[in-house]
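For reference, the chains in residue letters:
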Amino acid sequence: MEPSTPPTDPRQTGTASQGPSDGSLVSRVLAGDRKGFDELVLRYQRQAVAVSYRLLGNTQDAMEVTQDAFLKAFTSLDSLQKPEAFGGWLMRIVSNLSLNYRRSRKIRQQLPLDDAFGNSQSEQTEGSSEWMNAGGDPEHLLESREMGVKLKEALNQLPEKQRLAILLFTIQEMPQKQVAEALECSVEAVKWHVFQGRKKLKELLKEHL
Amino acid sequence: MQMTRDELEFAISRYIDGTLNPLEQSTIEEILASDASARALLDEYRRLDAVVKTAMPLPEIAWDQFAAGISQETAKCDVSVKHYQLAAWTKVVSLAAMIAIAFGVAFEMRHRDSSISDVQTGSVAVNSTPVDVEISAPTAVAAAPVNDITIGQPSGFAAANFRGADSIISAPSSIWIASGEGSQDTDPSLY
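Because the structure is a prediction, the values reported are computed rather than measured.

Would you take a moment to explain the overall build of chain A for this structure?
Broken down by element type, chain A carries 10 helices and 0 strands. Reading the helices (α) and strands (β) of chain A from amino to carboxyl end gives α-α-α-α-α-α-α-α-α-α. Each of the 209 residues in chain A was classed as buried or not, and the buried ones make up 39%.

What is the right way to read the interface of chain A and chain B from this model?
It is common to give the size of an interface as the accessible area that goes away when the parts come together. Taken together, the contacts link 51 residues of chain A with 43 residues of chain B. Of all elements in the fold, only helix H2 (35-56), helix H3 (59-75), helix H7 (138-156), helix H8 (160-171) and helix H10 (187-204) of chain A reach the threshold of two or more residues within the side of chain A that touches chain B. In terms of residue class, the side of chain A that touches chain B is built from 28 nonpolar, 11 polar and 12 charged.

How should I be thinking about the packing of H10(A) against helix H1 (residues 5-17) of chain B in this particular structure?
If you want to describe how two helices pack, look at the angle between their axes and the distance between the axes. Two elements in contact, H10(A) and H1(B), have axes whose closest approach is 10 Å; the angle formed by their N-to-C orientations is 105 degrees. The angle between H10(A) and H1(B) falls in the class roughly perpendicular. Residue-level inspection shows A:Lys191, A:Val194, A:Phe195, A:Arg198 and A:Lys199 of H10(A) in contact with H1(B), the latter providing B:Glu9, B:Phe10, B:Ser13 and B:Arg14. Partitioned by chemical class, the residues of the contact of H10(A) with H1(B) number 3 nonpolar, 1 polar and 5 charged.

Even after reading the chapter, I still don't get the confidence of the model for chain B, so can you show me in this structure?
Caution applies to low-pLDDT regions: their predicted coordinates should not be interpreted in detail. All names here are of chain B. For chain B, per-residue confidence averages 72 on the pLDDT scale, and 53% of positions sit at 70 or higher. The secondary-structure element of chain B with the lowest mean pLDDT is helix H6 (residues 165-168), recorded at 47, while helix H2 (residues 22-34) shows the highest, at 95. Confidence over residues 156-170 falls short of pLDDT 50; this stretch has 1 contact with residues more than four positions distant or in other chains. Low pLDDT, under 50, characterises residues 178-191; the predicted model gives this stretch 2 contacts beyond four residues in sequence or across chains.

Honestly, the nonpolar core in this entry has me stumped. Any pointers?
Among soluble globular proteins, nonpolar side chains are generally buried collectively. Residue and element names in this part refer to chain A. Ranked by size, the top nonpolar core spans 67 residues in total, and within it Ala69, Leu90, Val94, Ala165, Leu168 and Val179 carry the most contacts. Looking at this core, the element that brings in the most residues is H2, giving 11 residues. With sequence-adjacent residues up to four places away left out, Ala69 is seen in contact with Ala48, Leu90, Ile93, Val94 and Leu97.

I would appreciate a short explanation of H3(A) in the present structure.
With 17 residues, H3(A) ought to run about 24 Å at 1.5 Å a step, and its terminal C-alpha atoms sit 24 Å apart, in line with that. By the burial criterion, the buried members of H3(A) are A:Ala62, A:Met63, A:Val65, A:Thr66, A:Gln67, A:Ala69, A:Phe70, A:Ala73 and A:Phe74.

Looking at this structure, how should I read unusual backbone geometry?
Apart from glycine, the bulk of residues carry a negative phi angle, and the bulk of peptide bonds sit in the trans form. All names here are of chain A. Residue Glu173 is not a glycine yet carries a positive backbone phi of 55 degrees. Looking at the secondary structure, you find Glu173 in the loop between H8 and helix H9 (176-183). Glu173 gets classed as partly exposed once you count the C-beta atoms within 10 Å, which come to 15. One non-glycine residue, Glu184, lies in positive phi territory at about 55 degrees. Tracing the chain through its elements places Glu184 in the loop between H9 and H10.

Explanation requested: helix H1 (residues 22-30) of chain A in the structure shown.
An α-helical segment advances 3.6 residues per turn. Residues three or four places apart therefore align on the same side. All names here are of chain A. Those residues of H1 that fall on the buried side of the exposure criterion are Asp22, Leu25, Val26 and Val29. The arc that holds every buried residue of H1, seen down its axis, measures 100 degrees, which confines them to one face. Downstream of H1 by a residue or two, Gly32 has a phi angle that is positive, lying close to 110 degrees.

Cut-offs applied
Residues numbered from 1 in each chain as written. Chains lettered and ligands numbered in written order. Predicted model: local features only at pLDDT ≥ 70, side-chain atom pairs only at ≥ 80, totals over all residues. Helix = DSSP H or I, 4+ residues; strand = E, 2+ residues; numbered from the N terminus. Buried ≥ 20, exposed ≤ 12 C-beta atoms within 10 Å, placed from the backbone. Contact = placed C-beta atoms within 7 Å. Nonpolar A, V, L, I, M, F, W, Y, C, P; charged D, E, K, R; others polar. Axes fitted to C-alpha atoms, helices over the stretch in contact; angles between N-to-C directions. Parallel < 35°, antiparallel > 145°, perpendicular 65-115°, else oblique. pLDDT = per-residue confidence, 0-100. Core = buried A, V, L, I, M, F, W, Y, C linked by C-beta atoms within 7 Å. Expected span 1.5 Å × (residues − 1). Arc of directions from axis to C-beta.

Next comes the structure, spelled out in structure tokens:
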């Protein structure tokens, strides 16, 4: 078998988005032009919600956390040392807030009060979360739902860095450099985390592949 | 080139991502062309990638509304990132003041140092001849009993005359007392 088309990754050097650079937008905001931040929101909102959503498995929670993350980024923008690294920095805030939110949610779910409500909400958010309900025919829906559950369980078993590396690089297709900034590690370490995460996922999902 | 299983898997992982350098890429392609187990491994990783990328689709979200909500929230906390920019002339004045203060401090320090060094370098004659020192306690003197206590202005004080004081302390022509909102200077040119 011939190895198929040699893959090329446009993400390696970071995607050059249209319009002003992140650095110039950050500078504008720091100079008092709040509109610059609106542009950054438009640029990163999908990515931020997607990352949070895949960590939390619930749209409402993801949107709430993402909004908090943008506000936190806005109020502490002057602490950003490399304005060009805004994307990675924001994703770090998003993933940290999402993980904190998830931890606090787990603690809340362990409280006896949740049991009084039959744990229905927690089951919905932890077990069969919304992202498994996305369209398609019933048979396909069931398959994708099962696969979604299995994948989520498998992802949850990965160490945090590996999970985030898979999420940001493989699923979100963020540039490696940005992932490295988000994870506060080197690009080489990102490659390693992605590989280690994949290897474990392959093992955990081998019956479903 | 001989690779361990782990090295091969790592190389395949990077091959899928397209993050190998040209030399590594040609090496792994040679291995894939000749090794069936390596190709099977590549297939497994590709299937896994496809599952990971498609099993968690993002639901529909009204992005414009979401962005507008964030914009409104950031407008509320606009103050916390307000940055004050000094006018060019204030920077010059500040710099001049800093230099003047620095010179003043340096001059003062130098002046003090010189006066201290004068003392330190001056010769002091020490008489080493032993002398007898007689220490005696002072004779206790009995205090006179207090017979009269006068409260108020002592006699003769009224005659004191502070001539010229009125020329030193003179009343100001006007007094402006600022309080409340109206007292704040809102002229932006001053800032």
